[in-house]
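# Fold and contact review
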Amino acid sequence: MDRVNTQSLTKSTGATLPGIDPDRQIDVVSRLRERLPAEAVLYRPEDTRPYECDGLSAYRELPLAVVLPANEEEVAFVLRTCHEMMVPVIARGAGTGLSGGALPAPDSVLLSLAKMNRILAVDPVARIARVQPGVRNAAISDAAKPYGLYYAPDPSSQIACTIGGNVAENSGGVHCLKYGLTVHNVLRVRGYTMAGDLIEFGSEALDSPGYDLLACVIGSEGMLAVVTEVTVKLIPLPETAKVILASFDDVRKASDAVAAIIAEGIIPAGLEMMDQPATRAVEDFVHAGYDLDAAAILLCESDGTPEEVEDEIVRMEAVLRREGATNLRVSRDESERIRFWAGRKAAFPAVGRISPDYYCMDGTIPRKRLGEVLLFIAEMERKYGLRCPNVFHAGDGNLHPLILFDANDPDQLHRTEAFAAEVLQKCIEVGGTITGEHGVGVEKLNQMCLQFSSEELERFHGVKRAFDPQGLLNPLKNIPTLHRCAEFGRMHVHNGQLPHPELPRF
């Protein structure tokens with residue numbers, strides 16, 4: 001950066017942003033602009049404001065700067081520079097994450113990978129695709145469709161979320177029961193460490209030498225490396241698919257039906273559940289044809305050859321009737337099947353129409369405890385005076401309660417956080433876990449203290465240190481410090497309730 005630009009930077013930033021040292025900001029931005037175009041290094045508040053949070057908008061913070069590299073060389077330069085200057089770096093994809101995993105801090109550089117959005121190759125013979133991290137999830141299947149292939153993991157946000165973010169959070173989707181999560185559908189990840197060193201995990205072969213670090217980096221929430229390229233598996237498009245829309249007059253019956261289908265030895269392509277408040281919100285938005293009188297509905301999909309689908313549909317119908325379904329509808333054609341799924345995939349925006357804000361939870365529990373936990377959530381609605389529609393991946397027990405509140409009311413926000421904390425604690429108590437696909441981020445740091453012992457947390461920190469000894473890459477997220485857990489334990493015992501999470505400070 002030349003002298004004139006440096007003076008302009010000094011005048012424009014001043015000391016207007018609490019927590020940001022203007023002299024340090026000048027130094028960092030100047031260094032980054034030695035190699036990056038000026039328009040790829042943002043520092044003014046009006047330019048960095050769009051990056052102040054991810055999908056968890058309850059927590060916001062402006063970074064020291066935002067950089068938008070266009071290639072791997074620029075990513076490596078940013079990381080080496082920040083490593084040398086001891087500046088924390090937070091990688092960001094599309095910002096659709098729901099746990100604060102991409103939340104910046106005042107003295108950090110936020111590294112946006114939005115420009116790296118090319119599909120590098122589709123190999124229909126090997127059934128793989130090589131893509132950059134900024135490629136949208138749905139775009140991979142669009143590129144593979146002419147070859148009769150697609151990418152299976154399909155989060156509800158797939159039209160917007162990126163494959164880099166999917167790798168960071170180990171995302172799933174409505175078809176993860178049969179086809180697996182991101183970790184089951186990625187062969188290779190290429191990226192850079194905080195020191196700017198190239199690193200690769202996995203390979204295009206069925207196996208790779210050494211430890212299985214691919215499974216370690218997938219779901220690591222940007223703490224170990226910055227992803228710059230991903231090789232994904234592609235699978236053949238099914239010849240046909242049908243969905244059963246099953247209605248129940250009781251949520252426990254619907255929950256028991258989920259376990260019964262799996263116990264019968266059936267693995268549906270998708271098995272989703274929505275309660276009545278969720279279906280009513282969705283139907284008004286999408287007009288999917290849901291039964292609004294039902295206490296809960298199940299969406300049970302079968303895909304494969306026509307013969308396989310017909311057989312599986314008949315078997316699932318028999319189980320659903322036996323478990324008390326009051327009404328069964330099978331999609332008559334592809335357009336109706338898509339419409340049934342459109343309702344489930346639009347659940348989040350549909351709920352956003354009926355409430356100023358909502359808090360989307362992400363606990364995972366054993367399938368046989370679904371009914372119990374849903375009744376517990378109903379108790380929490382009464383306790384905290386807040387509504388909570390439920391949509392979730394019933395087949396693998398991944399809950400997505402949507403707590404409705406108004407963020408303009410501090411008391412409602414506090415009650416929402418307490419509500420969410422109790423739900424996550426319940427997930428742990430019944431043998432589940434605090435996250436299925438949204439990650440820990442800053443949202444669930446306290447609950448990590450409940451789920452894991454101090455010895456286990458120290459081992460997690462050991463993995464982090466092996467990749468990032470200085471702790472500069474997305475620090476103070478995902479794994480709480482032992483000091484934090486000690487403080488959390490004292491507050492919990494003293495107050496008799498779970499405190500809400502604090503914003504991270506570096």
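Quick note: structure is the one above.
Residues numbered from 1 in each chain as written. Predicted model: local features only at pLDDT ≥ 70, side-chain atom pairs only at ≥ 80, totals over all residues. Heavy atoms only, no water.

Looking now at the environment of Lys368. Along the polypeptide, Lys368 turns up in the loop between strand S16 (357-360) and helix H14 (370-384). On the basis of relative accessibility, which here comes to 68%, the residue Lys368 falls in the exposed class. Sequence separation of Lys368 and Ala257 is 111 residues, and the distance between their C-alpha atoms is 9.5 Å. (Helix = DSSP H or I, 4+ residues; strand = E, 2+ residues; numbered from the N terminus. Buried < 20%, exposed > 50% of the residue type's maximum accessible area, 1.4 Å probe, protein only.)

Another point: the side chain of Thr279. Mapped onto the secondary structure, Thr279 falls in helix H10 (residues 276-286). The exposure class of Thr279 is buried, given its relative accessible area of 0%. Sequence-distant contacts of Thr279, that is, excluding residues within four places in its chain, are made with Met274, Tyr290, Asp291, Leu292 and Ile297. (Contact = heavy atoms within 4.5 Å.)

With six of six residues buried, strand S13 (residues 270-275) lies mostly within the body of the structure. Every second residue of S13 is oriented toward a common face, with Gly270, Glu272 and Met274 on one face and Leu271, Met273 and Asp275 on the other, all of them buried. Bridge analysis of S13 against strand S14 (residues 296-304) gives six bridges, and the strand direction is antiparallel. Bridge pairing in S14 links Asp275 to Ala296. Where S13 meets strand S17 (residues 390-393), two bridges bridge the pair, whose relative direction is antiparallel. (Pairing = 2+ DSSP bridges.)

As a further point, take helix H11 (residues 306-322). The end-to-end C-alpha distance of H11, which contains 17 residues, comes to 25 Å, matching closely the 24 Å that a straight helix rising 1.5 Å per residue would cover. Taken residue by residue, H11 has Val309, Glu312, Ile313, Met316, Glu317, Val319 and Leu320 as its buried positions. Across the axial projection of H11, the buried residues extend over an arc of 165°, all falling on one side. Every exposed residue of H11 that faces more than 90 degrees away from the buried side is listed here: Glu307, Val314, Arg321 and Arg322. If you follow the buried residues of H11, they end up packed against strand S12 (240-248), helix H9 (251-263), S14 and strand S15 (327-330). Phi turns positive one or two residues past the end of H11, at Gly324, with a value near 100°. (Expected span 1.5 Å × (residues − 1). Arc of directions from axis to C-beta.)

Two elements in contact, H9 and H14, have axes whose closest approach is 8 Å; the angle formed by their N-to-C orientations is 150°. Between H9 and H14, the angle is such that the two are roughly antiparallel. You can see that H9 and H14 cross each other, and the crossing is right-handed. Contacts between H9 and H14 involve Val251, Arg252, Ser255 and Val258 from the first element and Leu370, Gly371, Glu372, Leu374 and Leu375 from the second. Class assignment of the residues belonging to the contact of H9 with H14 gives a composition of five nonpolar, two polar and two charged. (Axes fitted to C-alpha atoms, helices over the stretch in contact; angles between N-to-C directions. Parallel < 35°, antiparallel > 145°, perpendicular 65-115°, else oblique. Left-handed = near helix turned anticlockwise from the far one by under 90°. Nonpolar A, V, L, I, M, F, W, Y, C, P; charged D, E, K, R; others polar.)

On the surface, a cluster of negative charge is made up of Glu239, Glu307, Glu308 and Asp311. One can find Glu308 in helix H11. According to the relative accessible area criterion, Glu308 is partly exposed, its value standing at 48%. (Patch = residues over 30% accessible without salt bridge, like charges linked within 9 Å, V, L, I, M, F, W, Y side chains within 5 Å. Areas by Shrake-Rupley, 256 points an atom, 1.4 Å probe, with all protein chains shown as cover. Salt bridge = Lys/Arg side-chain N within 4 Å of Asp/Glu carboxyl O. Lys, Arg positive; Asp, Glu negative; His and termini not counted. Charge placed at Lys NZ, Arg CZ, Asp CG, Glu CD.)

Counting residues in each nonpolar core, the largest one holds 87 residues, and the members touching the most others are Ile140, Val186, Val232, Met273, Leu298, Leu320 and Phe419. Not counting residues up to four positions away in its chain, the partners in contact with Leu320 are Ile244, Ala246, Phe248, Ala257, Ile261, Leu298, Cys300, Ala325 and Leu328. Membership of the second largest hydrophobic core comes to 28 residues, among which are Ala65, Val67, Leu79 and Val226. (Core = buried A, V, L, I, M, F, W, Y, C linked by side-chain atoms within 4.5 Å.)

This part is about the pattern of salt bridges. Evaluation of the coordinates by the stated rule reveals 29 salt bridges. For Asp303, the salt bridge identified is with Lys178, shortest N-O distance 2.7 Å. With Asp303 in strand S14 and Lys178 in helix H7 (residues 176-179), the pair connects residues that are 125 residues apart, well separated along the chain. The exposure class of Asp303 is buried, given its relative accessible area of 7%. Linking Glu336 and Arg329 is a salt bridge whose minimum nitrogen-to-oxygen distance equals 3.4 Å. Using a relative accessible area of 30% as the deciding quantity, one classes Arg329 as partly exposed.

So yeah, pure geometry; function would need other evidence.
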